Amino acid sequence: MRLVSFLHSDGPRLGVRLGDVLVDLAVTDPGLPRDMAALLAGGEAAMAAVGRAVEAAPGEAHRRFSSVRLLPPVPRPGKIVCVGLNYVDHAVEIDPRHLPDHPTSFARLASTLVAHNEPLLRPAVSSKLDFEGEMAVIIGKPGRCIPKALALGHVGGYALFNEGSVRDYQFRTSQWFLGKNFDATGAFGPELCTPDELPPGGKGLFLATRVNGRVMQEATTSDMLFDVAALIAALSEAMALAPGDVIVTGTPSGVGFAQQPPYFLKPGDVCEIALEGYGVLRNPVADAPAP
């Protein structure tokens, strides 16, 4: 199932995408949640109700998918935890002397998020906005200290993430937080794909980043140092994971600042992240408004 958050005149709504048809769940079953995290918290019963709503949807619940304004699949996640240096080739291009023994994690704020087709904003204070194409995991079942063997049962779905990074601010100190949290630099979407549509843990899928049609990054998700189950297990040792929380699982080699010569995103560029079996997250690039 492909679940979508979108903007309606009366506020955010949820829908199910069937090709270029979007079934508006608020029309076909007004009792369903209008928030993705709340829907995920409803578990299997809520998903079954969505399936029945789609089957019974009247004509007036059908919209053209390409005509709606999308929101990030989870517009305001309680947590966004990103993982750095999680592909062998990318870890080597950053520091060839050392591969991490444990996941390198950092937080990202919801204020950084933009949806599919919305512009990534290059900040006024820097020209070094870089791309990072990544698979995102959306938690569906809550848990703490989750065993690795049970971790995939806590996945509610998958999406794509362009973890835009302002490199000069990222590397000002040993802590990456500032350069990873400029407003409107993190593209997330276009939809939540339920786990039954992809291999367990999203393993073995081809992941690529294109800028203006040119392939900049490509790898398979099997190249992760720490797979989805390992990430959920490790993170849940420290924090309770809740429905709607997002884990951004890391990027392959080929990021702009490591290329020769370096390539940074500029206004007019179009950046696409593609995942086999899932689809494409596409965003133009624009300059942020002057402060």
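What counts as what
Per-chain numbering applies: the sequence of each chain, read as written, is numbered from 1 onward. It should be noted that, the model being predicted, local features are given only for residues of pLDDT at least 70 and side-chain atom pairs only at 80 or more, the latter also being counted only at that level, while totals for whole chains, interfaces and linings use all residues. Side-chain metrics in this entry use all non-hydrogen atoms of the structure; hydrogen atoms and water are not considered. Strands are runs of DSSP state E lasting at least 2 residues, helices are runs of H or I lasting at least 4, and numbering of each runs from the N terminus. Each polar contact in these results corresponds to two N or O atoms within 3.5 Å; when the atoms are within protein, one needs to be able to donate a hydrogen and the other to accept it, and residues that are neighboring in sequence are counted only if both atoms are side-chain atoms. What makes two residues a contact is simply this: any of their non-hydrogen atoms within 4.5 Å. Salt bridge, as used here: a side-chain nitrogen of Lys or Arg that lies within 4 Å of a carboxyl oxygen of Asp or Glu. Accessibility here uses a 1.4 Å probe with only protein chains present; expressed as a share of the type maximum, an area under 20% marks a residue as buried, one over 50% as exposed, and anything in between as partly exposed. Paired strands are those between which DSSP finds at least two bridges. Between N-to-C directions, angles span 0 to 180 degrees; the directions come from axes that are lines fitted to C-alpha atoms, helices contributing only their stretch in contact. Geometry of aromatic contacts follows a simple scheme: Phe, Tyr and Trp rings, the Trp one being its six-membered ring, pair when their centres are within 6.5 Å, and the pair is stacked under 30 degrees between planes, edge-to-face over 60, tilted otherwise. Cation placement over rings: the criterion is NZ of Lys or CZ of Arg within 6 Å of the ring centroid and within 35° of the ring normal.

Enquirer: Hey, could you run me through the side chain of Thr221 in this one?
Expert: With respect to the secondary-structure elements, Thr221 resides in the loop between strand S16 (214-220) and helix H6 (228-236). Polar contacts involving the side chain of Thr221 include one to the main-chain carbonyl oxygen of Gly202, which spans 2.6 Å. Excluding its chain neighbours within four sequence positions, the residues that come into contact with Thr221 are Tyr87, Met135, Gly202, Lys203, Gly204, Leu205 and Leu275.

Enquirer: For this particular structure, what's the right way to read the pattern of salt bridges?
Expert: Any two side chains of opposite charge can pair, given that their charged atoms come close. In the structure shown here, the tally under the stated rule is 19 salt bridges. Salt-bridge contacts for Arg34 lead to Asp10; the nearest nitrogen and oxygen are separated by 3.2 Å. Of the two residues, Arg34 is situated in the loop between helix H1 (25-28) and helix H2 (36-41) and Asp10 in the loop between strand S1 (2-8) and strand S2 (11-18); the sequence distance between them amounts to 24 residues. Classification of Asp10 by relative accessible area gives partly exposed; the value is 44%. Close ionic contact of Arg108 with Glu163 constitutes a salt bridge, the shortest N to O distance being 2.4 Å. Here Arg108, found in the loop between strand S7 (104-107) and strand S8 (113-114), pairs with Glu163, found in strand S12 (residues 155-163); they are 55 residues apart in sequence, far enough to count as distant.

Enquirer: Please clarify how the side chain of Thr185 should be interpreted in this entry.
Expert: Of note, Thr185 is situated in the loop between helix H5 (167-170) and strand S14 (186-193). Here the side chain of Thr185 touches Arg108 through a polar contact of 2.8 Å, side chain to side chain. Not counting residues within four places of it along the chain, the set of residues in contact with Thr185 comprises Arg108, Thr112, Leu120, Leu121, Leu129, Asn162, Glu163 and Gly164.

Enquirer: Which parts of the structure should I look at to understand the environment of Leu39?
Expert: Along the polypeptide, Leu39 turns up in helix H2. On a C-alpha basis, the gap between Leu39 and Gly244 in space is 9.0 Å, while along the polypeptide they are 205 residues apart. Every residue in contact with Leu39, bar those within four places of it in the chain, is listed here: Leu3, Leu14, Pro33, Ala46, Met47 and Val50.

Enquirer: Please explain H6 as it appears in this structure.
Expert: Along an α-helix, residues three or four positions apart point the same way, because every turn accommodates 3.6 residues. For H6, the buried fraction is high: eight of the nine residues fall into the buried class. The complete set of buried residues in H6 reads Val228, Ala229, Ala230, Leu231, Ile232, Ala233, Leu235 and Ser236. Buried positions along H6 lie against strand S6 (80-84), S7, strand S11 (133-139), S12 and strand S17 (246-248).

Enquirer: Just to check I follow, could you spell out the sheet that holds strand S9 (residues 120-122) for this structure?
Expert: Two pairing modes exist for strands in a sheet, parallel and antiparallel, and in both the strands are linked by backbone hydrogen bonds. Reading across from one edge, S9-S19-S18-S15-S16 is the order of the five strands in this open sheet, with mixed pairing throughout. Looking along the sheet, the strands with just one partner apiece sit at the ends: S9 and S16. The sheet shows a mean angle of 20° between the axes of neighbouring strands, direction not considered. Pairing between S9 and strand S19 (residues 279-287): three bridges, direction parallel. Paired with Arg122 across the two strands is Asp287, which belongs to S19.

Enquirer: Quick question: what am I supposed to make of the pairing of S16 here?
Expert: Within a regular strand, the side chains alternate between the two sheet faces. Summarising the sheet, strand S15 (residues 206-211) and S16 pair through six bridges and their orientation is antiparallel. Each bridged residue has a counterpart across the sheet, and for Leu207 the counterpart in S16 is Ala219. The antiparallel hairpin formed by S15 and S16 contains two residues in its connecting segment, where Asn212 sits at a positive phi of about 55°.

Enquirer: What is the right way to look at the packing of aromatic side chains in this model?
Expert: Pairs of aromatic rings are described using the distance from one ring centre to the other and the angle between the two planes. Evaluation of the coordinates by the stated rule reveals four aromatic pairs. Where Phe161 meets Phe188, the ring centres are 5.5 Å apart and the plane angle is 35°; that geometry is what we call tilted. Placement of Phe161 in strand S12 and of Phe188 in strand S14 is noted, with a sequence separation of 27 residues between them. Residue Phe161 shares its accessibility class with Phe188, and that shared class is buried. Of note, Arg172 hangs over the ring of Tyr169, and the distance from its end group to the ring centre comes to 3.9 Å.

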